[in-house]
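Structural characterization, general
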Amino acid sequence: MQSKKSPLPNVQAWCVQAWRVLAMAAVLACAGAAQAQTVYVSSEKDNKVLVFDAAGKLLSKIEVCKRPRHMLFSPDRSKIYVCCGDSNQLGVVDRASGKMVDTVPLADSPEIFDLSPDGKVAYVSSEDDGVLAAVDLTTRKPLFQIKTGGEPEGVLVTRDGKFAYVTSEEANVVHLIDLVSKKIVKDIQVGNRPRRFAASPDGREIWVSNELSASVSVIDTATQAVKGRVLFQIQGMRASDITPVGVVMTRDGKTAWVSLGRANHVAEVDVATRQVRRTVLAGKRAWGLALSQDDKWLYVTNGLSDDMTLVDTQAGKAIRTVAAGRVPHTPLVGP
Amino acid sequence: MMGKSGRRMGGALLACLLAVPVAQAATHTVALVSLQDDPRYQSRRLERHYPGHPAGRLWHATQLGAADAEVGLRAAGHALKVLEATASNAAELGKVLQQLKAQRVAYWVLDVPEAQFAQAVQAAGHSALLFNASAPADVLRGSQCAALLFHTYPSQSMFSDAMAQYLAARSWRHALVLQGGDPADQRQAEAWQRAAKRYGIKTVDTKVFKLSGDPRERDLANPRLLTNDRNHDVVAVLDADGEFARTLPYATQQPRPVVGANGLVALAWHPQWERNGGPQVNRRFGRLAQRPMVGQDWAAWVAVKSVAALVSEHSQAPLPEQARRLRSGQVFVDGAKGPRLSFRAWDGQLRQPVFLAHVDGVAGTAPLDGVLHPTEVLDTLGVDEKESPCQAKP
């Protein structure tokens, strides 16, 4: 499916290909060795979290709760929280032992969540109930729920822990929620079917993907209003086939990567000018995104081709695609 | 007869909880127009649950549409409510429509038999946009089309094209056609022939079936006798009623799949659709209506959402201008079927994917992979711009 597999008939071409593969393997090996990173991928229909090394080699599988989706590290990175959409739980995975050690009950059909800065509270979007639910991770008890528009998805808690941004896929708005007064303070109109967020490192901008508008809306956190938009176009593809979902930003805040869903590509965007620099072919229905700690590698989970694409962010090329369970959802990169 | 208040508590509660100050919410009203004695909703008929037929009245679907649109509309300074406008019979319909007009209800979701459309179009004039949520007849999109009439339910030719695409994609290219004698069956046959020709499906034979009490005609409803030929890949049954088609799957002489009115059926929606937010929509609907959601419900739900998308941007414009906006293809609706949906310029039909499904799940979605179109792949389903006989323009 990926373009890497182009069968070249003559020997010369084969040699070129072989050299390229070797060279890339070397590059990948170096990256892996230098950082010893681990890439975790939640696989929705396996009920497992797959563990890869930085080069995409499968190391192990962790049995978790039913239909694992979004994942985050605990602040000390010793644990992984994984949101389980079918068993309505937040699974707690101990990284050292590689086992799920606890579960926290959640509201119906949770998908995406974020943590309070101290890591003690999880704020979870519950698609079916149409609420943002706050759960105390220490006592494992629900704290409060805030009614949102239909099918809430993306959740982003501000760094001071006082506010949360939540997308409503049905209502085409981003709710700005005051977590102290537990009220929606503003509905920010964005594009159609808003999905997920990325915050700029300086906290001044929030980027939100609009799945059915082929765009990203840029929210100015000073005014809490949309101040710009990135529209995605790919030559030879129609706007309706470009369905952005995942957004991540590099640590220097200069580059954003956006997964384009059914367009099977990821886009590299210049944050300052909001111009698309280039697009890279990934797998079928590219959604989940994670950057390596040095931002040199982008991990892309492809929900319909059941694999993960490794993109060299400097070369702007997909280097390798590896099998990743059944319906891989979220990649998470850790040391 | 008109209006319904008890079921809006959820909405009121939501508004209290959120307590967002709304400057001056313009409230728009949508009416669900139907007939009390509509034969499609007779209780014995509903019990049959024939595939592709309505599973119940569309009231809950319109309610769900309004509830789903509420928060987004509020952010744009609008509100929307749905009222029921049920006439006891066709003769009473005129009175109900005049009442809607007098109340200045500008958006009508029509769930009436095909024969009542002309009356509704005439009654509405320029003072309401109409949304057809349950009639598949091509003629309503063709010679009887109207400037302010939109269709969120797929047309018969969209269903037939979807099926033909699926058969072509599987290389099941030889079909034995079993066709009923009703005018509605005849219209299905016309759509089938058009689609089969488009996608290269060969009709090896067409046989007429007949459910009859006459002993001399008993053979005409005998699945084994009707399917005795060997050289076909599928049995296509064109049966608008559904009773005969139900007797066919697993009862044919040759081991062949049944498609059309039973077996594999082209549908606007399926309760087991598991992508693009389908499970959420199905669960929300199930909670509200206490029954699974089917195609007509989907069309009514999406009709209300279309009104919401329209008024949130263009509520100031006069209705003919609003209709032009809808027909411009630039007002988009999320129908939980994958791509964003918009209305066709030439006949007001909502372009949308169609499911190829059996009773238990969705086997495929049309347009099938690999089917191409010069401008919009969704327009490979149904009557395209150049073929459309519709002349009415808003």
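Refer to the structure presented above.
What counts as what
- Residues numbered from 1 in each chain as written.
- Chains lettered and ligands numbered in written order.
- Predicted model: local features only at pLDDT ≥ 70, side-chain atom pairs only at ≥ 80, totals over all residues.
- Helix = DSSP H or I, 4+ residues; strand = E, 2+ residues; numbered from the N terminus.
- Contact = placed C-beta atoms within 7 Å.
- Axes fitted to C-alpha atoms, helices over the stretch in contact; angles between N-to-C directions.
- Parallel < 35°, antiparallel > 145°, perpendicular 65-115°, else oblique.
- Left-handed = near helix turned anticlockwise from the far one by under 90°.
- Nonpolar A, V, L, I, M, F, W, Y, C, P; charged D, E, K, R; others polar.
- Core = buried A, V, L, I, M, F, W, Y, C linked by C-beta atoms within 7 Å.
- Buried ≥ 20, exposed ≤ 12 C-beta atoms within 10 Å, placed from the backbone.
- Domains from an automatic or database assignment.
- Pairing = 2+ DSSP bridges.
- Expected span 1.5 Å × (residues − 1).

Before going further, it helps to examine the overall build of chain A. Per the secondary structure count, chain A includes 1 helix and 28 strands. Relative to all contacts within chain A whose residues are 6 or more apart in sequence, the contacts with residues 24 or more apart total 41%.

It is worth spelling out the packing of helix H6 (residues 156–170) of chain B against helix H7 (residues 183–199) of chain B at this point. All names here are of chain B. The geometry of H6 relative to H7 is characterised by a closest axis approach of 8 Å and an angle of 40 degrees between their N-to-C directions. In terms of orientation, H6 lies oblique with respect to H7. Two packed elements cross with a definite hand, and for H6 against H7 that hand is right-handed. Contact residues: H6 offers Gln-156, Ser-157, Ser-160, Asp-161, Met-163, Ala-164, Gln-165 and Ala-168, while H7 offers Arg-187, Gln-188, Ala-191, Trp-192, Arg-194, Ala-195, Ala-196, Arg-198 and Tyr-199. Across the contact of H6 with H7, the residue classes break down as 8 nonpolar, 5 polar and 4 charged.

On to the interface of chain B and chain A, then. With 18 residues of chain B in contact, the opposing surface of chain A contributes 20 residues. Mapped onto the side of chain B that touches chain A, the elements with two or more residues apiece are helix H1 (9–18), helix H3 (59–75) and helix H10 (278–289) of chain B. Here the side of chain B that touches chain A gets 5 residues from one element, more than from any other, and that element is H3 of chain B. The residue makeup of the side of chain B that touches chain A, split by class, is 10 nonpolar, 3 polar and 5 charged.

Counting residues in hydrophobic clusters, the biggest one holds 120 residues, and the most contacted among them are Trp-108, Val-109, Ala-120, Leu-130 and Val-304 of chain B. In this structure, this core is formed jointly by two domains, domain 1 (6–154 + 270–352) and domain 2 (157–267) of chain B, each of which donates at least three residues. Ignoring anything within four residues of it in the chain, the contact list for Trp-108 of chain B reads Ala-31, Val-33, Leu-100, Ala-120, Ala-124, Ala-128, Leu-130 and Phe-131 of chain B. Met-100, Val-155, Ile-206 and Val-208 of chain A belong to the second largest nonpolar core, which has 95 residues in total.

Before going further, it helps to examine the sheet that holds strand S20 (residues 247–249) of chain A. All names here are of chain A. Read from one edge of the open sheet, 4 strands run S20-S21-S22-S23, paired in antiparallel fashion. At either margin of the open sheet sits one strand with a lone partner, and together these are S20 and strand S23 (275–281). Adjacent strand axes in the sheet meet at a mean angle of 20 degrees, parallel and antiparallel pairs treated alike. When strand S21 (residues 255–259) meets strand S22 (residues 265–270), the two strands line up antiparallel, connected through 5 bridges. When the bridges of S22 are listed, Val-258 appears paired with Ala-267.

For the rest of this paragraph, the subject is unusual backbone geometry. With an omega of 5 degrees, the peptide bond between Ala-366 of chain B and Pro-367 of chain B qualifies as cis. Residue placement: Pro-367 of chain B occurs in the segment after strand S15 (361–366). For Arg-140 of chain A, which is not glycine, the phi torsion reads 65 degrees and is therefore positive. Along the chain, Arg-140 of chain A turns up in the loop between strand S10 (131–136) and strand S11 (141–147). Phi is positive for Ser-171 of chain B, close to 60 degrees, though the residue is something other than glycine. Examined against the element boundaries, Ser-171 of chain B turns out to sit in the loop between H6 and strand S6 (174–179).

Before going further, it helps to spend a moment on H10 of chain B. Residue and element names in this part refer to chain B. Spanning 12 residues, H10 covers 16 Å between terminal C-alpha atoms, matching the ideal 16 Å at 1.5 Å per step. Among the residues of H10, those classed as buried are Gly-278, Gln-280, Val-281, Asn-282, Arg-284 and Phe-285. Next to the buried residues of H10 lie H3 and helix H11 (295–314).

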